[in-house]
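Per-entry structural report
Spelled out, the chains give:
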Amino acid sequence: MIQLRLRSECDRSLSPFVVRISNGARQCRDDATLIFEKLGVLNYRAEHTEFCIRDVAPKDIAGDVLLIDPRRQIAHRLIRARSRHNTFLITEQCDQRCLMCSQPPKEHHQDMFEHFLSAARLAPLGAQIGLSGGEPLLHKQALFNFIDAAWTTRDDLSFHILTNGQHFDEGDLPWLRSHRAQLLWGVPIYSADAAIHDEIVGKPGAFAQLSGNFSLLGLAGAALELRTVVMKQNVSGLPDLADFITRYLPFAATWAIMQMERIGYGRMNWSHCFFDSSKEFTDLGAAIDLMSARRQSVVLYNFPLCTIPPVFRNLAAQSISDWKQKYLPECESCSTRIRCAGFFEWYREEDGFMGIHPQ
Ligand code: SF4
């Protein structure tokens, strides 16, 4: 697993600060240059201080944007220059309690927007940055301000925002319209049946609120990626959900059907929720066929390729972020590994897919 937090050493009296690890010559005052390397410890000079990073080779962090936390002696890799999977965790607070949540909510919110803005300004040209939570729109005004501020100097950036879709209102329409070109909204919907959706997200009335807010996103012309984690609770309703999407949400750019991640509440509820799609794909296949027949896009996230019937494999995406992706020993001999999403780092074979077969 790629480490997103590295051991660091610097003056503990300093406040946290953001730097970019220089590839060579310093390009701006926020670049830090390598002074020397000794016994696996990298010593860098930033504008006002020096600091060390451990457990990593210089080439592996060249161009990365780090948040140095002197008090905890940790460097957070906010942006990895060679990765397409960079996400800022806006907040750990959330108003839903989804059965499969991989990042269980916390009460406390730590405002990191100042550091995220510094990091965004140092991101590679044309980067897409994920914004997730928790529920980022619980801090909607601060989030919108952050995006506006980032774009004043970096209008080449785009953002993919994961939200539960509960917190839009009509007053957001002008902002949503004026920002639609560079924002992609990833919004979960788990069922066309309000009671099942509300049960899965642990919030009465969530489906009704979501439905109204989908209309707002449609009115704004926002780019929308619908997301549905397949579970025992909703798998039989997927064809109905496909019908609902094609009738009422035809403006959605795509529908991502996703496999569960065995961490957080997903780990706690694994046996209650995990649906082994390597054994049974009928409802998934019917939902995909309906979407295709009505010419609406559908993709499969987090499905190992061999768990999908061959006819649908072209829909599978390499969706698992590189830092938490792994393969199994039997994948070594598989000819399709290069196209396969693989598994989450915390996947367990003993209670996972029954049908893993090297191709
Ligand atoms: S055997 Fe492994 S690499 Fe091959 S398709 Fe299955 S999960 Fe992917």
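Note that the structure is predicted; figures quoted are calculated from it, not measured. (Residues numbered from 1 in each chain as written. Predicted model: local features only at pLDDT ≥ 70, side-chain atom pairs only at ≥ 80, totals over all residues. Heavy atoms only, no water.)

The next thing to look at is the overall build of the protein chain. Within the protein chain one finds 10 helices and 16 strands. Counting across all 359 residues of the protein chain, residues that qualify as buried make up 54%. In the protein chain, 67% of the contacts between residues at least 6 apart in sequence involve partners at least 24 apart. Placing the 38 positive and 41 negative side-chain charges of the protein chain at their respective mean positions leaves the two points 4 Å apart. (Helix = DSSP H or I, 4+ residues; strand = E, 2+ residues; numbered from the N terminus. Buried < 20%, exposed > 50% of the residue type's maximum accessible area, 1.4 Å probe, protein only. Contact = heavy atoms within 4.5 Å. Lys, Arg positive; Asp, Glu negative; His and termini not counted. Charge placed at Lys NZ, Arg CZ, Asp CG, Glu CD.)

Within the secondary structure, histidine 197 sits in helix H5 (residues 194-201). Classification of histidine 197 as buried rests on a relative accessible area of 1%. In this view, histidine 197 contacts Pro188, Ile189, Tyr190, Ser191, Ala206, Phe207 and Leu210; residues no more than four positions away in its chain are not counted.

Annotation of the protein chain at the domain level lists domain 1 (5-79) and domain 2 (87-351). A straight line from the C-alpha centre of domain 1 to that of domain 2 covers 32 Å. Between domain 1 and domain 2 lies a buried interface of about 790 Å² when both sides are counted; carbon and sulfur atoms form 80% of it. Scanning the region where domain 1 abuts domain 2 turns up 0 salt bridges. Our enumeration of links across domain 1 and domain 2 arrives at 1 residue pair in polar contact (both at pLDDT 80 or more). Top contributing element to the side of domain 1 that touches domain 2 by residue count: strand S2 (residues 17-21), with 3 residues. (Domains from an automatic or database assignment. Buried area = accessible area lost by both parts, 1.4 Å probe. Salt bridge = Lys/Arg side-chain N within 4 Å of Asp/Glu carboxyl O. Polar contact = N/O pair within 3.5 Å; in protein donor to acceptor, adjacent residues only side chain to side chain.)

Turning to the site of the ligand, a few remarks are in order. Taken together, the neighbourhood of the ligand is formed by Pro304, Leu305, Cys306, Cys331, Cys334, Thr336, Arg337, Cys340, Phe343, His357 and Pro358. Across the shell around the ligand, the residue classes break down as 8 nonpolar, 2 polar and 1 charged. (Near = heavy atom within 4 Å. Nonpolar A, V, L, I, M, F, W, Y, C, P; charged D, E, K, R; others polar.)

Moving on to the nonpolar core. Residues Phe88, Leu131, Phe146, Ile147, Phe159, Trp185 and Trp255 are the most contacted members of the largest nonpolar core, which totals 71 residues. The residues that make up this core include at least three from each of domain 1 (5-79) and domain 2 (87-351). Sequence-distant contacts of isoleucine 147, defined by excluding residues within four places in its chain, comprise Leu131, Phe159, Ile161, Trp175, His179 and Leu183. (Core = buried A, V, L, I, M, F, W, Y, C linked by side-chain atoms within 4.5 Å.)

With that out of the way, let us pick up the environment of arginine 82. Take arginine 82: it is sitting in the loop between strand S7 (74-79) and strand S8 (87-89). Spatially, the C-alpha atoms of arginine 82 and glutamate 47 are 24 Å apart, while their sequence positions differ by 35 residues. Contacts of arginine 82, omitting those with residues within four sequence positions, involve Lys59, Asp60, Ile61 and Ala62.

The mixed closed barrel is built from 7 strands, whose spatial order is S1-S5-S4-S3-S2-S6-S7. Across the sheet, the axes of successive neighbouring strands diverge by a mean angle of 40°, strand direction being ignored. Each of S2, strand S6 (65-69) and S7 touches helix H2 (residues 113-121); the most contacted strand, S7, lies at about 60° to it. (Pairing = 2+ DSSP bridges. Axes fitted to C-alpha atoms, helices over the stretch in contact; angles between N-to-C directions.)

Tallied over the entire structure, the rule returns 22 salt bridges. Put simply, aspartate 322 and arginine 80 hold a salt bridge, and the shortest N to O gap is 2.8 Å. Taken as a pair, aspartate 322 in the loop between strand S14 (298-301) and strand S15 (325-326) and arginine 80 in the loop between S7 and S8 lie far apart in primary sequence, 242 residues in all. Accessibility expressed as a relative area gives 26% for aspartate 322, which makes it partly exposed. Across the pair arginine 154 and aspartate 156 runs a salt bridge whose closest N-O atoms are separated by 2.7 Å. Classification of arginine 154 as buried rests on a relative accessible area of 12%. According to the relative accessible area criterion, aspartate 156 is partly exposed, its value standing at 25%.

To continue, consider the side chain of serine 158. Among the structural elements, serine 158 can be located in strand S10 (residues 158-162). For serine 158, a relative accessible area of 19% translates into the label buried. Leave out the neighbours within four places in its chain, and serine 158 touches Ala127, Gln128, Ile129 and Gln182.

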